[in-house]
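Tertiary structure, described
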Amino acid sequence: MLEFKNVSKIYNGNKKAVDHVNFNVDEGELVVLLGPSGCGKTTLLRMVNQLESITEGDIHLNNKSVKESNKIEMRRKIGYVIQSNGLFPNMTIEKNVMIVPDLLGWDRKKQLDRFNYLMELIGLHPDEYRKRYPHELSGGQQQRVGVARALAADPPVMLMDEPFGALDPIIRTKIQDEFLQIQKEIKKTILFVSHDIDEAVKMGDKIALFRDGQLQQYNHPFEILHRPANEFVSEFVGQDRVLKSTSLYSVKDLVDSVSLTGYQKAGSVQTVQEDTSLRIVISKLLNQEAEQLAVEDTKGKIKGILTLDLVEKFLYKQIKETPKRTG
Amino acid sequence: MKTKKRIAWIVKILFWLIVITFFTWTIMNDMFRPIVEDFGEFTHLLGQHIIIVFISGLLAILISIPLGILVTRKSFQKSEFWIVNMANLGQTIPSLAVLALAMGFLGIGMKAAIVALFIYSLLPILQNTIAGIRSVDKNTIDAARGIGLTPFQILIKIELPNAASSIIAGIRTALVINIGTAALAYLIGGGGLGAWIFTGIRLFDNAFLISGAVPVTLLAILVDYFFKIMQQVLVPKGLRLAKK
Ligand SMILES: Nc1ncnc2c1ncn2[C@@H]1O[C@H](COP(=O)(O)OP(=O)(O)O)[C@@H](O)[C@H]1O
Ligand SMILES: [Mg+2]
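Notes on the structure in this doc start here. (Residues numbered from 1 in each chain as written. Chains lettered and ligands numbered in written order. Predicted model: local features only at pLDDT ≥ 70, side-chain atom pairs only at ≥ 80, totals over all residues. Heavy atoms only, no water.)

1. Here's the deal with the interface of chain B and chain A
Stated formally: Two residues qualify as a contact provided that any one of their heavy atoms is within 4.5 Å of a heavy atom in the partner residue. As a working definition, buried area equals the accessible area (1.4 Å probe) given up by two parts on being put together, with both sides summed. Put simply, a salt bridge is a Lys or Arg side-chain nitrogen that is within 4 Å of an Asp or Glu carboxyl oxygen. Under the scheme used here, helices are H or I runs from DSSP no shorter than 4 residues and strands are E runs no shorter than 2 residues, and both carry numbers assigned from the N terminus. All amino acids are sorted into three groups, where Ala, Val, Leu, Ile, Met, Phe, Trp, Tyr, Cys and Pro are nonpolar, Asp, Glu, Lys and Arg are charged, and the leftover types, Gly among them, are polar.
Listed by partner, the interface residues are 22 residues for chain B and 24 residues for chain A. Interface area for chain B against chain A, summed over the two sides, is near 2,000 Å², with a carbon-plus-sulfur share of 62%. On inspection of chain B and its partner chain A, the count reaches 1 salt bridge. For Asp 142 of chain B, the salt bridge identified is with Arg 46 of chain A, shortest N-O distance 2.7 Å. Contributions of two or more residues to the side of chain B that touches chain A are made by α7 (138-146), α8 (151-181) and α11 (237-243) of chain B. Ranked by residue count, the leading element in the side of chain B that touches chain A is α7 of chain B, at 7 residues. Among the residues making up the side of chain B that touches chain A, the classes are represented as 10 nonpolar, 8 polar and 4 charged.

Here it is as structure tokens:
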């Protein structure tokens, strides 16, 4: 779907921002471009929609070189979301969201339906926000509208440059969750820039980790966390990488892999849902909120008891027994 | 806050008291006699005054705004320095000297006055156009490019609406200055209400002086007010709200 072929970018004839990068992104995949600030993530992203020229190498989108595509037409088929939302302050929310469909000449009815659909998708009431202006919205709402605008003409590909980077942590977590939910529904091919390993692990089907413009490792979050390709990767993901990997799993994954301790109806036990992240489970167990947790399935039936020992066993199994996956 | 409001009120009341006193005095002393006695001549001079201001202002708008747009295009960035400085030069030379220079080239008459005032009005509009376009958030432009707007669409849909307030403010400033300066047109034979003002000065006749100066002042206030309303009409609602 999206192929980076030996891509390099040199600014002003001397500053090498992207250095011979090779990797492919499959359809429907969300790939996080990760790395410290200044490592060339934004530059790489902007070469895809040709906001920056490619110095050397090429990028293919659907087997066609982006260099040879008509820039304007191509950009209208690629969603683009930036950190500072970039909404047009002089336009209403509806005009903002519908700008690309409008340029593409969609009729009024089709635009209206699409606007309503998108606003529902991002969790804002269409009629309430239609005639409002960007500055009347909170930061989180503006960012949601930015996402809706990028999705407006239903582009197969989305480029997102630290889309939630400017939001405060609580809103950020919330929007990340919402967006993952949306992605489940829309299945876009997404390049998502981040400098935050936690965000990358949470959002990415795959992570491409960069340093000084060079690709260090490109693989599933699990592989990055458990089998760092080199010193830099291992340092970047941090010494708590095993803990970080726990957010990759839900209670259900654990239940499917190791058997729970039996449950006796004695005293009161805290319950967790099957879709809870393992990270939260560990936090609860360590927090002395409870020594054990009862796992509840979607129907409210208790399936068994979960303890720290079991979590440890599960993680050990994952790390040692999961076959090596490649990007 | 309260004291500020109170002071504003006192200033306002004082201002209107002075205005009322002034007009009572002028009317009691029959200061508008020239207007009443020679109404034909008055409308003639007023018409000349308006034509000078209108044509020179319109020309300045028609030249300055496209020039400002041109200068802010990426490929023309280097020309900005020269263009702004040339307009600057027109502005820093005293208005009387610009008039004299224009007269040197075009001889006496209304044409020279119009050209001089045109040169004099260029800068405020040009500067405000450039500043207005420059003030548009870089990220907004970047987003617009990224989602596939053409440079022309970015100009029409994003840059100009966002710069509208600043551009109109520039026109407002230019025209108000222009109306006052147009009184000097008389000195190079350009006509206008300056005729009565300078006659009044020469003959120590306050009636002529006031019959010339008061309409000029009122005209300036009227035009200023008109553009204040234009600002409300032409500046997109989202931006007006954002300012508050
Ligand atoms: N327009 C530009 N001109 C020159 N150098 C640039 C430009 N944009 C980015 N750079 C440089 O290229 C490198 C990579 O920048 P960037 O892609 O923005 O990194 P990141 O998004 O990972 O923080 C940095 O060293 C930055 O200073
Ligand atoms: Mg960046």
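Now that the structure has been shown, the text picks up again.
2. Observations concerning empty space enclosed by the protein
Condition: Definitions used throughout: a 1 Å grid over protein atoms alone; a cavity as a set of points that fits a 1.4 Å probe which cannot get out; a pocket as an open set with protein on both sides within 12 Å along at least five of seven lines; a lining residue as one with an atom within 4 Å of a point. Grid points are joined across faces, edges and corners, and a volume is the space filled by probe spheres set on the points.
Summed over the entire model, instances satisfying the criterion amount to 3 cavities of 30 Å³ or more. The computed volume of the largest cavity comes to approximately 60 Å³. Among the secondary structure elements, those contributing two or more residues to the lining of the largest cavity are α7 (139-151) and α8 (169-186) of chain A. Per-element tally for the lining of the largest cavity: the top contributor is α8 of chain A, with 4 residues. Among the residues making up the lining of the largest cavity, the classes are represented as 6 nonpolar, 1 polar and 2 charged. As a volume, the second largest cavity reaches approximately 50 Å³. Looking at the second largest cavity, the residues that line it are Arg 75, Arg 76, Ile 78, Gly 79, Tyr 80, Val 100, Arg 149, Ala 150, Ala 153 and Pro 155 of chain A together with Ile 147 of chain B. Counting only elements with at least two residues in the lining of the second largest cavity, the list comes to β6 (78-82) and α7 of chain A. With 3 residues, β6 of chain A is the largest single contributor of residues to the lining of the second largest cavity.

3. Quick look at the sheet that holds strand β11 (residues 270-273) of chain A
Residues and elements named next belong to chain A. Put simply, the rule is: By this definition, two strands are paired if DSSP reports at least two bridges between them. The angle between two axes is taken between their N-to-C directions and runs from 0 to 180 degrees, where each axis is a line fitted to C-alpha atoms and a helix contributes only its stretch in contact.
Judged by pairing direction, the sheet is mixed, and its 3 strands sit side by side in the order β11-β12-β13 without closing on themselves. This sheet does not close on itself; its edge strands, each paired only once, are β11 and β13 (302-306). Across this sheet, the average inter-strand angle for adjacent strands is 35°, counted without regard to direction. Two elements, strand β12 (residues 293-296) and β13, share 4 bridges in a ladder whose sense is antiparallel. Along β13, the bridge assignment pairs Leu 293 with Leu 306. Lying over the sheet, helix α14 (residues 278-286) contacts β11, β12 and β13, oriented at roughly 155° with respect to β12.

4. Points about the site of ligand 1
All names here are of chain A. As a reminder of what qualifies: The cutoff for a nearby residue is simple: one of its non-hydrogen atoms must lie within 4 Å of the molecule or strand. Pairs of N or O atoms are called polar contacts if they sit within 3.5 Å, as long as, within protein, a hydrogen donor faces a hydrogen acceptor (for residues adjacent in sequence, only side-chain-to-side-chain pairs). The method behind every accessible area is Shrake-Rupley, applied with a 1.4 Å probe, and residues are considered shielded solely by the protein chains displayed.
Around ligand 1 lies a shell formed by Tyr 11, Asn 12, Lys 15, Ala 17, Pro 36, Ser 37, Gly 38, Cys 39, Gly 40, Lys 41, Thr 42 and Thr 43. Contact distances for ligand 1 include 3.0 Å between an oxygen atom and a backbone N or O atom of Gly 40. Lys 41 has a polar side-chain atom sitting 2.9 Å from an oxygen atom of ligand 1. A total of 560 Å² of accessible area belongs to ligand 1 in isolation, and the protein chains cover 64% of it. Those elements giving two or more residues to the shell around ligand 1 turn out to be β2 (15-25) and α1 (41-48). Here the shell around ligand 1 gets 3 residues from one element, more than from any other, and that element is α1. Partitioning the shell around ligand 1 into residue classes produces 4 nonpolar, 6 polar and 2 charged.

5. Looking at the nonpolar core
Put simply, the rule is: As used here, the term nonpolar core means buried Ala, Val, Leu, Ile, Met, Phe, Trp, Tyr and Cys residues forming a set that is joined through side-chain atoms within 4.5 Å. Relative accessible area decides the class of each residue, using a 1.4 Å probe on protein chains only: under 20% of the type maximum gives buried, over 50% gives exposed, and in between gives partly exposed.
In this structure, Ile 52, Ile 65, Ile 125, Ile 171 and Ile 179 of chain B are the most contacted members of the largest nonpolar core, which totals 48 residues. If one sorts the elements of this core by residue count, helix α6 (residues 110-134) of chain B sits on top with 10 residues. Not counting chain neighbours up to four residues away, the residues in contact with Ile 65 of chain B comprise Ala 60, Ile 125, Thr 129, Ile 167 and Ile 171 of chain B. If you look at the next biggest cluster of nonpolar residues, it comprises 46 residues, including Ile 54, Ala 153 and Val 157 of chain A together with Ala 144 of chain B.

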